[in-house]
Amino acid sequence: MDWEKTYLEHLPRIERIARSVARKRGMLNPDEIEEFVQVVRMALFVDDYAVLRKFEGRSSLWTYLTTVIVRLFCRYQVERWGRWRASAEAKRLGMTAV
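Residues numbered from 1 in each chain as written. Predicted model: local features only at pLDDT ≥ 70, side-chain atom pairs only at ≥ 80, totals over all residues. Heavy atoms only, no water.

## Looking at the nonpolar core
How we decide: Definition of nonpolar core: a set of buried residues of the types Ala, Val, Leu, Ile, Met, Phe, Trp, Tyr and Cys, connected through side-chain atoms within 4.5 Å. Three labels apply to residues, based on accessible area from a 1.4 Å probe with only protein chains included: buried if under 20% of the type maximum, exposed if over 50%, partly exposed otherwise in between. Numbering of helices and strands starts at the N terminus; helices are DSSP runs of H or I of at least 4 residues and strands are runs of E of at least 2. For this analysis, residues touch if any pair of their heavy atoms sits within 4.5 Å.
In terms of nonpolar packing, the biggest core is built from 28 residues, with I14, F36, V40, L65 and I69 touching the most fellow members. Elements with a minimum of two residues in this core: helix 1 (3-25), helix 2 (30-53) and helix 3 (61-81). Broken down by element, the residue count for this core peaks at 10 residues, all from helix 3. When sequence neighbours within four positions are dropped, the list of residues in contact with I69 reads I14, I17, A18, V21, F36 and V40.

Next comes the structure, spelled out in structure tokens:
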């Protein structure tokens, strides 16, 4: 399968999925949403379309891409904000403090 052709052919739909995920999952302003869309475009493009080549056909391409994009969004949020962890003091004080 020609993944470059598939990528370019379906790019508008990929971007639509990315915008939808960003709006639903996070409190991002329009500039941050567009930044995330660019992150998705690059993630699907790098390493000769490696993410697309991993598609095995066990679901529709759109279900697969939606799952990939949701995971990319989680990684994007962690990169921006870091992982939240309760402090040692809060753990000592109990669940209410956490």
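## Describing a negative patch on the surface
How we decide: Surface patches are drawn from residues lacking salt bridges whose relative accessible area is over 30%; two like charges belong together within 9 Å, two nonpolar side chains (Val, Leu, Ile, Met, Phe, Trp, Tyr) within 5 Å. To measure how exposed things are, a 1.4 Å probe is used in the Shrake-Rupley method; for residues, cover is taken only from the protein chains shown. Take a side-chain nitrogen of Lys or Arg and a carboxyl oxygen of Asp or Glu: if they are within 4 Å of each other, that pair is a salt bridge. In summary, the charge assignment counts Lys and Arg as positive and Asp and Glu as negative, without counting His or the chain termini. Positions of charges follow a simple convention, taking NZ of Lys, CZ of Arg, CG of Asp or CD of Glu.
Residues D2, E4, D47 and D48 make up a contiguous surface patch of negative charge. Looking at the secondary structure, you find D48 in helix 2. Judged by its relative accessible area of 55%, D48 is exposed.

## Focus: the environment of R16
Relative to the elements of secondary structure, R16 occurs in helix 1. Separated by 27 residues in sequence, R16 and A43 place their C-alpha atoms 15 Å apart.

## Quick word on the packing of helix 2 against helix 3
Counted only if it meets this: Fitted lines through C-alpha atoms serve as axes, helices being fitted only where they are in contact, and the angles separating the N-to-C directions of these axes extend from 0 to 180 degrees. An angle below 35 degrees is treated as roughly parallel, one above 145 as roughly antiparallel, one from 65 to 115 as roughly perpendicular, and anything else as oblique. A crossing counts as left-handed when the near helix is turned anticlockwise from the far one by less than a right angle, and as right-handed when that turn is clockwise. Asp, Glu, Lys and Arg are counted as charged, while Ala, Val, Leu, Ile, Met, Phe, Trp, Tyr, Cys and Pro are counted as nonpolar; the rest, among them Gly, fall into the polar class.
Contact geometry of helix 2 with helix 3 gives a least axis separation of 10 Å together with a crossing angle of 120 degrees. As judged from the angle between their axes, helix 2 and helix 3 are oblique. Like other packed secondary-structure pairs, helix 2 and helix 3 cross with a definite hand, here right-handed. In contact with E32, E35, F36, V39, V40, A43, L44, V51 and L52 of helix 2, helix 3 contributes Y64, L65, V68, I69, L72, F73, Y76 and R80. Of the residues assigned to the contact of helix 2 with helix 3, the class counts are 14 nonpolar, no polar and 3 charged.

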